[in-house]
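Observations on the three-dimensional arrangement
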Amino acid sequence: MNSMKAPHDNFVDSRDFARIARAIRFIDTHFRAQPRLAAIAAQAGLSEFHFNRLFRRWAGLTPKQYLAFVTGRQARGEIKSQPSVLEAAYAVGLSGPGRLHDLIVSLDAVTPGELKAHGLGIAIRSGFADTPFGRALLAATPRGLCHLAFVEPGEDEKAFDGLRASWRNADFERDDTQARELAHRIWSSTELAGAPLKLNVVGTNFQLKVWQALLDLGAHRRTTYSALANAIGQEGSARAVGNAVGANPVGWLIPCHNVLRRDGALGGYHWGEDRKHAILAWDSLSRQRAGSAIDVAPARHAT
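Keep in mind the model is a prediction, meaning the values are calculated, not measured.

With respect to helix 10 (residues 238–246)
Taken together, the buried positions of helix 10 are Val-241, Ala-244 and Val-245. Angular distribution of buried residues about the axis of helix 10 spans 100°; they occupy a single face of the element. Among the exposed residues of helix 10, those pointing more than 90 degrees away from its buried face are Arg-239 and Asn-243.

Section: helix 6 (residues 156–166)
Along helix 6, the residues that are buried comprise Ala-159, Phe-160 and Leu-163. When helix 6 is viewed along its axis, its buried side chains cluster within an angular range of 95° and face the same direction. Structural note: helix 6 exposes Glu-157, Lys-158 and Ala-165 on the side pointing more than 90 degrees away from its buried face. Each element contacted by the buried residues of helix 6 is listed here: strand 2 (123–131), strand 3 (134–141), strand 4 (144–150) and strand 5 (171–174).

Some remarks on the pattern of salt bridges
Taken as a whole and judged by the stated rule, the model has 10 salt bridges. Here Asp-274 and Arg-25 are joined by a salt bridge, their closest N and O atoms 2.3 Å apart. Residue Asp-274 is found in helix 11 (residues 273–287), and its partner Arg-25 is found in helix 1 (residues 17–30); the two are separated by 249 residues along the sequence. Judged by its relative accessible area of 29%, Asp-274 falls in the partly exposed class. Note that Arg-135 and Asp-156 form a salt bridge whose closest N and O atoms lie 2.9 Å from each other. With Arg-135 in strand 3 and Asp-156 in helix 6, this residue pair connects regions lying 21 residues apart in the sequence. One connected set of salt bridges, linked through shared partners, spans Arg-25, Glu-273 and Asp-274.

Things to note about the packing of helix 1 against helix 3 (residues 48–59)
Contact geometry for helix 1 and helix 3: axes closest at 11 Å, N-to-C directions at 90°. In terms of orientation, helix 1 and helix 3 fall into the roughly perpendicular class. Counted together, Ile-20, Ala-23 and Ile-24 of helix 1 and Phe-51, Leu-54, Phe-55 and Trp-58 of helix 3 form the full contact between these two elements. Residue classes in the contact of helix 1 with helix 3 are distributed as seven nonpolar, no polar and no charged.

Section: the environment of Leu-148
Its place among the elements puts Leu-148 in strand 4. Residue classification places Leu-148 among the buried residues on the basis of a relative accessible area of 0%. For Leu-148, the residues in contact, after removing those within four places along its chain, are Ala-136, Leu-137, Leu-138, Ile-186, Trp-187, Pro-249, Val-250, Gly-251 and Trp-271.

Overview of the pairing of strand 1 (residues 105–109)
Extensive coverage of strand 1 is indicated by the burial of five of its five residues. Neither face of strand 1 is exposed, since Val-105, Leu-107 and Ala-109 on one face and Ser-106 and Asp-108 on the opposite face are all buried. Bridge count for strand 1 against strand 6 (residues 197–201) is five bridges, and the pairing is parallel. Its bridge partner lying in strand 6, Asp-108 is registered against Asn-200.

A short note on unusual backbone geometry
For His-118, which is not a glycine, the phi torsion comes out positive at approximately 55°. With respect to the helices and strands, the residue His-118 is situated in the loop between helix 5 (112–116) and strand 2. Judged by its relative accessible area of 26%, His-118 falls in the partly exposed class. Of note in the backbone geometry, Trp-252 takes a positive phi value of approximately 70° without being a glycine. Mapped onto the secondary structure, Trp-252 falls in the loop between helix 10 and strand 8 (259–260).

As for the packing of aromatic side chains
Counting across every chain of the model gives 11 aromatic pairs. Where Trp-58 meets Phe-133, the ring centres are 6.2 Å apart and the plane angle is 80°; that geometry is what we call edge-to-face. Of this pair, Trp-58 sits in helix 3 while Phe-133 sits in the loop between strand 2 and strand 3; the two residues are 75 residues apart in sequence, bridging distant segments of the chain. Taken individually, Trp-58 and Phe-133 each receive the classification buried, so the pair is uniform in this respect. A connected cluster of aromatic rings, assembled from ring pairs, spans Phe-17, Trp-58, Phe-133, Phe-150, Trp-187, Trp-252 and Trp-271.

Conventions used here
- Residues numbered from 1 in each chain as written.
- Predicted model: local features only at pLDDT ≥ 70, side-chain atom pairs only at ≥ 80, totals over all residues.
- Heavy atoms only, no water.
- Buried < 20%, exposed > 50% of the residue type's maximum accessible area, 1.4 Å probe, protein only.
- Helix = DSSP H or I, 4+ residues; strand = E, 2+ residues; numbered from the N terminus.
- Arc of directions from axis to C-beta.
- Contact = heavy atoms within 4.5 Å.
- Salt bridge = Lys/Arg side-chain N within 4 Å of Asp/Glu carboxyl O.
- Axes fitted to C-alpha atoms, helices over the stretch in contact; angles between N-to-C directions.
- Parallel < 35°, antiparallel > 145°, perpendicular 65-115°, else oblique.
- Nonpolar A, V, L, I, M, F, W, Y, C, P; charged D, E, K, R; others polar.
- Pairing = 2+ DSSP bridges.
- Phe/Tyr/Trp six-rings, centres within 6.5 Å; stacked < 30°, edge-to-face > 60°.

Below, the structure is given as C-alpha coordinates:
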(Lines give C-alpha, C1' and ligand atoms only; values in the text may rest on other atoms or scores of the structure.)
Protein backbone atom coordinates (compact mmCIF):
# COMPACT_ATOMS: atom_id res chain seq x y z
CA MET A 1 0.00 0.00 0.00
CA ASN A 2 1.30 3.44 -0.87
CA SER A 3 1.98 5.39 2.27
CA MET A 4 2.94 8.54 0.42
CA LYS A 5 0.34 11.18 -0.16
CA ALA A 6 -0.27 11.52 -3.86
CA PRO A 7 0.58 14.87 -5.47
CA HIS A 8 -2.17 17.46 -5.30
CA ASP A 9 -4.76 15.84 -3.12
CA ASN A 10 -4.62 19.48 -1.98
CA PHE A 11 -3.09 21.90 -4.46
CA VAL A 12 -0.03 23.92 -3.60
CA ASP A 13 -0.79 27.63 -3.68
CA SER A 14 -0.56 28.65 -7.32
CA ARG A 15 1.86 31.42 -6.35
CA ASP A 16 4.38 28.73 -5.42
CA PHE A 17 4.39 27.26 -8.92
CA ALA A 18 7.06 29.66 -10.20
CA ARG A 19 9.38 28.53 -7.40
CA ILE A 20 8.86 24.87 -8.25
CA ALA A 21 9.39 25.51 -11.96
CA ARG A 22 12.68 27.31 -11.35
CA ALA A 23 13.90 24.49 -9.13
CA ILE A 24 13.03 21.81 -11.68
CA ARG A 25 14.81 23.70 -14.43
CA PHE A 26 17.85 24.15 -12.17
CA ILE A 27 18.02 20.44 -11.35
CA ASP A 28 17.53 19.46 -15.00
CA THR A 29 20.33 21.80 -16.06
CA HIS A 30 22.84 21.30 -13.24
CA PHE A 31 22.38 17.69 -12.15
CA ARG A 32 25.94 16.82 -13.24
CA ALA A 33 27.26 19.11 -10.50
CA GLN A 34 25.06 17.31 -7.95
CA PRO A 35 23.94 20.57 -6.32
CA ARG A 36 23.19 20.53 -2.61
CA LEU A 37 19.71 21.19 -1.31
CA ALA A 38 20.73 24.70 -0.24
CA ALA A 39 21.66 25.61 -3.84
CA ILE A 40 18.39 24.24 -5.19
CA ALA A 41 16.35 25.94 -2.47
CA ALA A 42 18.06 29.23 -3.30
CA GLN A 43 16.51 29.08 -6.79
CA ALA A 44 13.12 29.12 -5.09
CA GLY A 45 14.11 31.80 -2.60
CA LEU A 46 13.26 29.56 0.35
CA SER A 47 15.03 27.93 3.26
CA GLU A 48 16.04 24.31 2.80
CA PHE A 49 13.36 23.16 5.24
CA HIS A 50 10.47 25.03 3.62
CA PHE A 51 11.58 24.26 0.09
CA ASN A 52 11.94 20.54 0.83
CA ARG A 53 8.37 20.46 2.18
CA LEU A 54 6.98 22.47 -0.74
CA PHE A 55 8.68 20.33 -3.39
CA ARG A 56 7.56 17.09 -1.78
CA ARG A 57 4.00 18.36 -1.52
CA TRP A 58 4.01 19.30 -5.20
CA ALA A 59 5.87 16.30 -6.63
CA GLY A 60 5.36 13.49 -4.13
CA LEU A 61 9.11 13.09 -3.62
CA THR A 62 11.97 15.21 -2.32
CA PRO A 63 14.36 17.35 -4.40
CA LYS A 64 17.18 14.95 -3.49
CA GLN A 65 15.16 11.98 -4.79
CA TYR A 66 14.34 13.82 -8.01
CA LEU A 67 18.03 14.70 -8.46
CA ALA A 68 18.93 11.03 -7.97
CA PHE A 69 16.38 10.01 -10.56
CA VAL A 70 17.59 12.52 -13.17
CA THR A 71 21.18 11.45 -12.55
CA GLY A 72 20.32 7.77 -12.88
CA ARG A 73 18.44 8.31 -16.10
CA GLN A 74 21.38 10.16 -17.60
CA ALA A 75 23.82 7.47 -16.49
CA ARG A 76 21.77 4.86 -18.33
CA GLY A 77 21.73 7.00 -21.46
CA GLU A 78 17.96 7.25 -21.47
CA ILE A 79 17.52 10.99 -21.39
CA LYS A 80 19.91 12.09 -24.14
CA SER A 81 18.58 15.37 -25.51
CA GLN A 82 15.06 14.95 -24.21
CA PRO A 83 13.86 16.86 -21.16
CA SER A 84 14.25 14.96 -17.95
CA VAL A 85 11.02 14.02 -16.24
CA LEU A 86 9.80 13.01 -12.83
CA GLU A 87 8.47 9.72 -14.11
CA ALA A 88 8.92 6.71 -11.88
CA ALA A 89 9.14 7.27 -8.22
CA TYR A 90 10.16 3.62 -8.53
CA ALA A 91 13.47 4.71 -10.04
CA VAL A 92 14.44 6.32 -6.76
CA GLY A 93 13.09 3.57 -4.52
CA LEU A 94 9.63 4.92 -3.80
CA SER A 95 6.37 3.06 -3.93
CA GLY A 96 5.00 5.62 -6.37
CA PRO A 97 2.14 8.15 -6.17
CA GLY A 98 -1.47 7.51 -7.01
CA ARG A 99 -2.77 7.96 -10.50
CA LEU A 100 -3.42 11.38 -11.94
CA HIS A 101 -7.10 10.89 -12.67
CA ASP A 102 -9.52 8.44 -14.22
CA LEU A 103 -11.20 10.90 -16.53
CA ILE A 104 -12.56 9.93 -19.90
CA VAL A 105 -12.34 12.94 -22.21
CA SER A 106 -14.54 13.39 -25.27
CA LEU A 107 -13.87 16.12 -27.80
CA ASP A 108 -16.80 17.87 -29.44
CA ALA A 109 -16.69 20.83 -31.81
CA VAL A 110 -19.13 23.68 -31.98
CA THR A 111 -21.52 23.43 -34.90
CA PRO A 112 -20.84 25.40 -38.11
CA GLY A 113 -23.70 27.72 -37.19
CA GLU A 114 -22.29 28.34 -33.73
CA LEU A 115 -18.88 28.98 -35.23
CA LYS A 116 -20.27 31.53 -37.65
CA ALA A 117 -22.23 33.26 -34.90
CA HIS A 118 -19.14 33.47 -32.63
CA GLY A 119 -21.04 32.00 -29.68
CA LEU A 120 -24.22 34.07 -30.00
CA GLY A 121 -26.84 32.68 -27.63
CA ILE A 122 -24.35 30.44 -25.78
CA ALA A 123 -23.93 30.90 -22.04
CA ILE A 124 -20.35 30.54 -20.81
CA ARG A 125 -19.45 30.36 -17.14
CA SER A 126 -15.81 31.20 -16.52
CA GLY A 127 -13.60 31.66 -13.51
CA PHE A 128 -10.13 31.38 -12.05
CA ALA A 129 -8.68 28.60 -9.95
CA ASP A 130 -5.40 27.37 -8.54
CA THR A 131 -3.79 24.42 -10.32
CA PRO A 132 -0.50 22.55 -9.88
CA PHE A 133 0.94 24.84 -12.57
CA GLY A 134 -0.22 28.20 -11.35
CA ARG A 135 -3.45 30.13 -11.70
CA ALA A 136 -5.73 29.15 -14.59
CA LEU A 137 -8.82 30.43 -16.35
CA LEU A 138 -11.42 27.71 -16.93
CA ALA A 139 -14.64 28.19 -18.89
CA ALA A 140 -17.51 25.92 -19.84
CA THR A 141 -20.56 25.99 -22.07
CA PRO A 142 -23.59 23.82 -21.25
CA ARG A 143 -21.99 21.16 -23.51
CA GLY A 144 -18.60 21.03 -21.85
CA LEU A 145 -15.28 22.66 -20.95
CA CYS A 146 -14.36 25.10 -23.71
CA HIS A 147 -11.25 26.81 -22.35
CA LEU A 148 -8.39 26.11 -19.96
CA ALA A 149 -5.52 28.59 -20.00
CA PHE A 150 -2.74 29.15 -17.50
CA VAL A 151 -2.47 32.72 -16.30
CA GLU A 152 0.56 34.74 -15.27
CA PRO A 153 0.28 36.91 -12.14
CA GLY A 154 -1.57 40.15 -12.80
CA GLU A 155 -2.84 39.04 -16.23
CA ASP A 156 -6.39 37.93 -15.41
CA GLU A 157 -7.98 40.47 -17.72
CA LYS A 158 -5.61 39.59 -20.57
CA ALA A 159 -6.49 35.92 -20.12
CA PHE A 160 -10.19 36.70 -20.23
CA ASP A 161 -9.69 38.73 -23.40
CA GLY A 162 -8.21 35.61 -25.01
CA LEU A 163 -11.31 33.62 -24.09
CA ARG A 164 -13.64 36.35 -25.31
CA ALA A 165 -11.84 36.54 -28.68
CA SER A 166 -13.01 33.02 -29.55
CA TRP A 167 -16.55 33.49 -28.22
CA ARG A 168 -17.08 37.22 -28.67
CA ASN A 169 -20.89 37.09 -28.90
CA ALA A 170 -21.42 34.65 -26.03
CA ASP A 171 -23.04 35.54 -22.71
CA PHE A 172 -20.37 35.37 -20.01
CA GLU A 173 -20.93 34.77 -16.31
CA ARG A 174 -18.17 34.77 -13.67
CA ASP A 175 -18.15 31.53 -11.67
CA ASP A 176 -14.98 30.88 -9.69
CA THR A 177 -16.69 28.09 -7.74
CA GLN A 178 -17.27 26.06 -10.90
CA ALA A 179 -13.68 26.74 -11.98
CA ARG A 180 -12.34 25.42 -8.69
CA GLU A 181 -14.55 22.32 -8.95
CA LEU A 182 -13.31 21.64 -12.48
CA ALA A 183 -9.67 22.09 -11.43
CA HIS A 184 -10.16 19.69 -8.54
CA ARG A 185 -11.73 17.11 -10.82
CA ILE A 186 -8.95 17.40 -13.39
CA TRP A 187 -5.95 17.30 -11.05
CA SER A 188 -6.97 15.64 -7.81
CA SER A 189 -5.61 12.10 -7.57
CA THR A 190 -8.45 11.13 -5.24
CA GLU A 191 -11.32 12.32 -7.42
CA LEU A 192 -13.60 9.58 -8.72
CA ALA A 193 -14.07 9.28 -12.45
CA GLY A 194 -17.79 10.03 -12.55
CA ALA A 195 -19.27 11.02 -15.88
CA PRO A 196 -16.94 11.65 -18.83
CA LEU A 197 -15.46 15.13 -19.01
CA LYS A 198 -16.63 16.74 -22.23
CA LEU A 199 -14.76 19.37 -24.20
CA ASN A 200 -16.71 21.81 -26.37
CA VAL A 201 -14.17 23.68 -28.50
CA VAL A 202 -13.94 26.18 -31.33
CA GLY A 203 -11.59 25.33 -34.18
CA THR A 204 -11.16 24.84 -37.91
CA ASN A 205 -11.38 21.35 -39.39
CA PHE A 206 -7.59 21.19 -39.51
CA GLN A 207 -7.16 22.32 -35.91
CA LEU A 208 -9.74 19.82 -34.68
CA LYS A 209 -8.00 16.98 -36.48
CA VAL A 210 -4.71 17.94 -34.84
CA TRP A 211 -6.28 18.21 -31.37
CA GLN A 212 -7.94 14.82 -31.85
CA ALA A 213 -4.61 13.33 -32.88
CA LEU A 214 -3.02 14.92 -29.82
CA LEU A 215 -5.50 13.09 -27.62
CA ASP A 216 -4.89 9.84 -29.50
CA LEU A 217 -1.08 10.06 -29.56
CA GLY A 218 -0.05 12.45 -26.85
CA ALA A 219 -2.25 11.34 -23.98
CA HIS A 220 -0.03 8.35 -23.23
CA ARG A 221 3.45 9.36 -24.36
CA ARG A 222 5.58 12.06 -25.94
CA THR A 223 4.96 12.72 -29.61
CA THR A 224 6.29 15.02 -32.35
CA TYR A 225 4.87 17.49 -34.83
CA SER A 226 5.80 15.12 -37.66
CA ALA A 227 3.99 12.22 -35.98
CA LEU A 228 0.88 14.33 -35.60
CA ALA A 229 1.07 15.37 -39.25
CA ASN A 230 1.31 11.73 -40.31
CA ALA A 231 -1.57 10.79 -38.03
CA ILE A 232 -3.93 13.18 -39.79
CA GLY A 233 -2.71 12.22 -43.26
CA GLN A 234 -0.86 15.49 -43.83
CA GLU A 235 2.77 14.41 -44.15
CA GLY A 236 5.09 17.36 -44.52
CA SER A 237 2.77 19.78 -42.72
CA ALA A 238 4.63 19.82 -39.40
CA ARG A 239 4.74 23.62 -39.34
CA ALA A 240 0.99 23.95 -39.82
CA VAL A 241 0.49 21.28 -37.19
CA GLY A 242 2.69 23.28 -34.84
CA ASN A 243 0.46 26.32 -35.33
CA ALA A 244 -2.61 24.22 -34.55
CA VAL A 245 -0.96 22.81 -31.44
CA GLY A 246 -0.18 26.35 -30.30
CA ALA A 247 -3.84 27.31 -30.75
CA ASN A 248 -5.07 24.56 -28.40
CA PRO A 249 -7.81 26.17 -26.26
CA VAL A 250 -7.78 23.53 -23.51
CA GLY A 251 -4.43 23.16 -21.80
CA TRP A 252 -3.35 19.91 -20.11
CA LEU A 253 -6.41 17.84 -21.17
CA ILE A 254 -5.54 18.26 -24.84
CA PRO A 255 -1.88 17.49 -24.11
CA CYS A 256 0.05 19.92 -26.28
CA HIS A 257 2.80 19.80 -23.60
CA ASN A 258 3.64 16.27 -24.82
CA VAL A 259 4.72 17.48 -28.26
CA LEU A 260 8.51 17.61 -28.65
CA ARG A 261 10.74 18.40 -31.59
CA ARG A 262 11.98 15.51 -33.71
CA ASP A 263 15.42 15.71 -32.04
CA GLY A 264 13.82 15.40 -28.61
CA ALA A 265 14.27 19.07 -27.71
CA LEU A 266 11.60 20.64 -25.57
CA GLY A 267 10.26 23.03 -28.18
CA GLY A 268 7.97 25.96 -27.46
CA TYR A 269 4.90 26.10 -25.30
CA HIS A 270 2.10 28.66 -25.33
CA TRP A 271 2.31 29.09 -21.54
CA GLY A 272 6.09 29.12 -21.22
CA GLU A 273 8.96 26.62 -21.23
CA ASP A 274 9.31 26.55 -17.43
CA ARG A 275 5.69 25.49 -17.17
CA LYS A 276 6.23 22.85 -19.86
CA HIS A 277 9.20 21.47 -17.89
CA ALA A 278 7.06 21.27 -14.77
CA ILE A 279 4.06 19.75 -16.54
CA LEU A 280 6.16 17.03 -18.17
CA ALA A 281 7.71 16.24 -14.81
CA TRP A 282 4.45 16.16 -12.87
CA ASP A 283 2.56 14.29 -15.58
CA SER A 284 5.17 11.57 -15.88
CA LEU A 285 5.37 11.00 -12.16
CA SER A 286 1.62 10.90 -11.74
CA ARG A 287 1.06 8.55 -14.66
CA GLN A 288 3.69 6.04 -13.61
CA ARG A 289 1.12 3.84 -11.97
CA ALA A 290 -1.91 5.21 -13.73
CA GLY A 291 -2.69 2.62 -16.35
CA SER A 292 -5.55 4.93 -17.22
CA ALA A 293 -6.39 5.86 -20.79
CA ILE A 294 -8.01 8.91 -22.27
CA ASP A 295 -10.66 7.69 -24.66
CA VAL A 296 -11.88 10.05 -27.30
CA ALA A 297 -15.24 10.24 -28.98
CA PRO A 298 -15.23 11.26 -32.67
CA ALA A 299 -15.23 15.00 -33.05
CA ARG A 300 -17.79 16.85 -35.12
CA HIS A 301 -15.63 19.09 -37.30
CA ALA A 302 -16.56 22.68 -37.85
CA THR A 303 -16.23 24.18 -41.28
